[in-house]
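The primary structure of each chain is shown beneath.
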Amino acid sequence: MGLLLPILFGALLLLTITPPSLSQLPPEIMAPAPAPISPSDLCNGIFLSYEFILGRKIPPNDTSDQPYRFESLLTVLNNGREELKEWRVFVGFQHNEILISASDALIVNGTELPALVGNGTIFGGYPVSDLKTAIQTAGDLKQMTAEIELVGTQFMVAPPAIPLPTNISLVNDGWLCPEPTLQSKRELTTCCTRDASIKVNTTITTKFFPRQPGDLTIMYDVIRAYDQNYLTEVTMENHNPLGRLDHWELSFDWMRDEFIQKMQGAYPTVVDATKCIFGPQSLIYTGLDFADVLTCERRPVIIDLPPTKKDDPILGKIPFCCRNGTILPPTMDPSKSVSVFTMQVSKMPPDFNRSALFPPQNWRIKGTLNPDYACGPPVRVSPTFYPDPSGMPTNKSSFASWQIVCNITQAKTEIPKCCVSYSAFFNDSIIPCNTCACGCVSETRRTCNAESPSLLIPPDALLLPFENRTDLTLAWNALKHKTVPNPMPCGDNCGVSINWHMASDYRGGWTVRITIFNWGEIDFPNWFLAVQMKKPALLGFEKAYSFNASRLSVDGGVNNTIFMEGLPGLDYLVAEADEKDPKKKNIRIPGKQQSVIQFSKKLTPGINVAERDGFPAKVIFNGEECLLPDVLPMASGGRRNGFITVLSFITFYVAVFMIRL
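Described below are features of the structure shown in this document. None of these values were measured; they are calculated from a predicted model.

Quick notes on the rules
Residues numbered from 1 in each chain as written. Predicted model: local features only at pLDDT ≥ 70, side-chain atom pairs only at ≥ 80, totals over all residues. Heavy atoms only, no water. Helix = DSSP H or I, 4+ residues; strand = E, 2+ residues; numbered from the N terminus. Buried < 20%, exposed > 50% of the residue type's maximum accessible area, 1.4 Å probe, protein only. Contact = heavy atoms within 4.5 Å. Areas by Shrake-Rupley, 256 points an atom, 1.4 Å probe, with all protein chains shown as cover. Phe/Tyr/Trp six-rings, centres within 6.5 Å; stacked < 30°, edge-to-face > 60°. Lys NZ or Arg CZ within 6 Å of the ring centre and 35° of its normal. 1 Å grid on protein atoms, 1.4 Å probe; cavity = no way out; pocket = protein on both sides within 12 Å on 5 of 7 lines; lining within 4 Å. Points joined across faces, edges and corners; volume = space filled by probe spheres on them. Nonpolar A, V, L, I, M, F, W, Y, C, P; charged D, E, K, R; others polar. Polar contact = N/O pair within 3.5 Å; in protein donor to acceptor, adjacent residues only side chain to side chain. Pairing = 2+ DSSP bridges. Axes fitted to C-alpha atoms, helices over the stretch in contact; angles between N-to-C directions. Disulfide = S-S within 2.5 Å.

1. Observations regarding the overall build of the protein chain
Next, step 1: Within the protein chain, the regular secondary structure consists of eight helices and 40 strands.
Next, step 2: A total of 661 residues make up the protein chain; the buried ones form 45% of that total.
Next, step 3: A sequence separation of at least 24 residues applies to 70% of the contacts in the protein chain between residues at least 6 apart.
Next, step 4: About 34,600 Å² of surface is accessible on the protein chain, with carbon and sulfur atoms providing 57% of the total.

As C-alpha cells, this is what we get:
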C-alpha cells in the first residue's frame, strides 16, 4: 500500500501537466491558418494587375446602349532584378470605354483625356516612369510599384457583370507576358519575364534610357537653367526616307502651369497672356509685365517662321529655322531634314530650383497634306552635346535632355489626302480618282452619290476641276453607252491628284507620263513623288526626263521605289489659280508638273505592262500615300488611231454642244 500511493500520485500529476490535443482546444485559441500566397509573391519579374473596383449606371437611360461608370486599379510591380525604365502597359479595353482620368499615368500616344480607348490603349508612368527593384530599395514598395486609378465610362456591361479587359501586358522591349489569368471575378493578373533570347547586362546600370529610332524624333534639351525659368532647344529631325512635313504645327501640354516667355526660330499661333493674368501665375510673378509674355496657353500650337525672319536678331538667328515649316526627307537634303527653335519657359512653385525640370507632355506634330504621326511621351536620355559656342575644340552638354519619338501611322480609318487616276494609249477613256477618295461632306449636305463608282471621263476633263466636268462626263458616258446614276457620283475631294498614263509599249521598252495636279490653295516647294512597283517593272527603270529620279530602298526592300523630285526650276508646284482667259473666268486652273519615265525590257523580257505590271502598287506624294483606282484601263476600250477615233471625238463634242443647249 505504501508503494501504490506514490505511483497513483505520479500518474495524477502527469495528467495535470500534459496539454490537451489541438482538437480539444476551444476554437478561439486555435493557431491561425497560414495566409494565402499572393500571386505577386510568386512573380520574379514584372507583376501586372487590373482590378475592377466598382461600377454604376449613369444617365441617360438607354436599353440599346446604356452607359456605366467604372473605377479600376492598374498595378505595375517590379519584382525583378533590374530597374524597369519608362514602363509601358497595354490594357485591352473592349467595351467602348471612354477614359476620363488616369492618376500618375498618361496615354503613350499623346491622346488627351477624355479619350476613346475601346480598342485598347498603352499607359506610361508620369511623373514617375521608372520602377526600382527590391534590391535597390530594400523592398520599398513605394519605389517598386505604380498604382494607376482609372475612371471612365463603359457601355452595356450591367452589374453584376464585370467589364474586365481582354488582356494586360508589358510592352517594353525584351519582355514576355503570358495570357493573364482571373484571380477573381474582379481581377486579372499576369507575370512578365525577360525574354531569354535577349541578353541583358545586369552588372552595369545606366542612368538614362537609350535613345530610340523613329520616323521623326524630337529632342527637348535644356541648355540653360535658373531657379524660376529655363531655356530649352527643341530639335525635330526627320529620319524616314519618304517622310515629310509642310507648314508643320507642333503642340504639347504644360502639366505644371508653365508658360512661354520668349521664343526664337518659331512662334505660337496665338499670342495671349490672358490666362496668366487671371491665373495663379500673376500671383507669383507680381513684377512681370505680362504684355511681353508670348503665350500662357496650356496647350500652345507652335509654327515655323518664314525665311524672311531667318536673320532677325530677335525672332531668328537660330540654325535650321525659318523655312515655313518644311522638313524634307534626308534623301532629298539632309540639311533641310531638321528644324530647330528655342523657348524661354517660366516655372511655377514648387519647382523654383534649377534641378526641377519637367518637359511638356502629349506631343503632336502635323503638316499640310503629310502623313499622320503618333508621338510617344518624353523619355529622359543622356545629355545632348553641342559644339562649344566659343569656338574651342570641345563639346558642351545640355543640362537635361528628353527624346520624343514620333512614327507615321497607318490607321484603317485614315482618309487619304491625294489620289491617282489611270489612263493608257490603248484606251481613250480616263479612269478618274475614286468617288470620295479623300472623304465627302456629311450625308445631310450631300447632293451627289457617295456610293456609286466614279464615271469614265474624256482626256480634256482631266484638266478641269470636278465641278466643271459635268457636261463632258455626261456626253462621254452617253457616247460609251454607260449608265449614269442619278444623282451622279461625288468627286474625289483631294487637294492633289496624280495621273499615271501608259504612254507607249514597244519591243524594247515602255514609257509612262506622270502629271501631278495641285487643286488646293497651298503651294508645294521642293515636292517629291515616290512610286513603288512590282519587281519586274523596277528592274527596267532607266530615267525620267523632266524630274530628277532615282531608285531607293524603302521598308527593307532593295531599290524597290522610284523617288522623283523636280529639277531646278521645276521643283515648285503652285496652287490652283483663276483662269487668265476672261471667257473662262469661272474655271480654276490647277498647278501641275509633268514628266515622262522611260523603262527598258532588257532585264524583263516577259513583262506585261498593259496589265498590272505597268501600273504602280503604291504612290506617295510628300510622304502621304495616295489612293489608287480599283480598276485598270482595258485594251478593249478603243485605240486612239484611225478614222473611228476621229469620228468618236466628233460625235462627243456634238453631244457636249447639245447638252449645253
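2. Topic: the packing of aromatic side chains
Next, step 1: Evaluated as defined, the whole model comprises 20 aromatic pairs.
Next, step 2: With a centroid separation of 6.4 Å and an interplanar angle of 75°, the aromatic rings of tyrosine 220 and tyrosine 230 are classed as edge-to-face. Here the residue tyrosine 220 occupies a position in strand S13 (residues 216–225), and tyrosine 230 occupies one in strand S14 (residues 229–238), the gap between them amounting to ten residues. Each member of the pair tyrosine 220 and tyrosine 230 is classed as buried.
Next, step 3: Seen from their ring centres, tryptophan 248 and phenylalanine 341 are 6.2 Å apart, and the 20° between their planes marks the pair as stacked. Note that tryptophan 248 is positioned in the loop between S14 and strand S15 (249–253) and phenylalanine 341 in strand S19 (residues 338–346), a separation of 93 residues in sequence.
Next, step 4: The structure contains a cluster of three or more aromatic residues connected by ring pairs, namely Tyr220, Tyr230, Phe252, Trp254, Trp363 and Trp402.
Next, step 5: Against the face of phenylalanine 358 rests arginine 256, its NZ or CZ located 3.9 Å from the ring centre.
Next, step 6: Here arginine 380 stacks its cationic end above the ring of tryptophan 402, 5.0 Å away from the centre of that ring.

3. Describing the layout of surface pockets
If you roll a probe as big as a water molecule over the atoms, it shows you where there is empty space left.
Next, step 1: Its boundaries defined by the atoms lining it, the second largest pocket holds a volume of some 840 Å³.
Next, step 2: Together, 35 residues line the second largest pocket, and Glu86, Pro127, Val128, Ser129 and Asp130 are the ones closest to its centre.
Next, step 3: Elements represented by at least two residues in the lining of the second largest pocket include exactly strand S7 (121–125), helix H3 (141–144), strand S8 (145–155) and strand S22 (379–381).
Next, step 4: It is S8 that provides the largest number of residues to the lining of the second largest pocket, a total of three residues.
Next, step 5: Taken together, the residues that form the lining of the second largest pocket break down as 17 nonpolar, seven polar and eleven charged.

4. Remarks on the side chain of serine 72
Next, step 1: In this structure, serine 72 sits in strand S2 (residues 67–78).
Next, step 2: Side-chain polar atoms of serine 72 contact the side chain of tyrosine 50, separated by 2.9 Å.
Next, step 3: Not counting residues up to four positions away in its chain, the partners in contact with serine 72 are Tyr50, Glu51, Phe52, Ile53, Ile148, Glu149 and Leu150.

5. Digging into the sheet that holds strand S29 (residues 509–518)
Next, step 1: If you trace the six strands from one edge of the open sheet to the other, you get S27-S26-S28-S29-S38-S32, paired in mixed fashion. The strands lining the two open edges of the sheet, one partner per strand, are strand S27 (427–431) and strand S32 (541–544). Going across the sheet, the axis of each strand differs from the next one's by a mean of 20°, ignoring polarity.
Next, step 2: Bridge count for S32 against strand S38 (residues 591–600) is three bridges, and the pairing is antiparallel. Bridge pairing in S38 places alanine 544 opposite isoleucine 597.

6. A look at the state of the cysteines
Defined simply, a disulfide is a covalent bond joining two cysteines at their sulfur atoms.
Next, step 1: Enumeration over the complete set of coordinates arrives at ten disulfides.
Next, step 2: Across the disulfide, cysteine 419 is cross-linked to cysteine 433 (sulfur-sulfur distance 2.1 Å). Since a negative S-S torsion denotes a left-handed disulfide, the cysteine 419-cysteine 433 link at about 85° is right-handed. Of this pair, cysteine 419 sits in strand S26 (residues 418–424) while cysteine 433 is found in the loop between S27 and helix H6 (470–479), placing the two residues 14 residues apart along the sequence. Like cysteine 419, the residue cysteine 433 is buried in the burial classification.

7. Quick word on unusual backbone geometry
Next, step 1: Residues leucine 113 and proline 114 are joined by a peptide bond in cis, for which omega reads 0°.
Next, step 2: Checked against the element boundaries, proline 114 lands in the loop between strand S5 (105–107) and strand S6 (115–116).
Next, step 3: Backbone torsion omega between asparagine 486 and proline 487 reads 5°, so that peptide bond is classified as cis.
Next, step 4: In this structure, proline 487 sits in the loop between H6 and strand S28 (496–506).
Next, step 5: One non-glycine residue, histidine 247, adopts positive backbone phi at about 50°.
Next, step 6: In this structure, histidine 247 sits in the loop between S14 and S15.
Next, step 7: The phi angle at lysine 317 is positive, at roughly 60°, despite the residue not being glycine.

8. A word on the sheet that holds strand S9 (residues 168–170)
Next, step 1: The antiparallel open sheet is built from four strands, whose spatial order is S5-S7-S3-S9. With one partner strand each, in any of the chains shown, S5 and S9 form the two edges of the open sheet. On average, each strand axis in the sheet is tilted by 30° relative to the strand beside it, whichever way the strands run.
Next, step 2: One ladder, built from three bridges, connects S5 with S7; its direction is antiparallel. By the bridge assignment, isoleucine 107 is partnered in S7 with phenylalanine 123.

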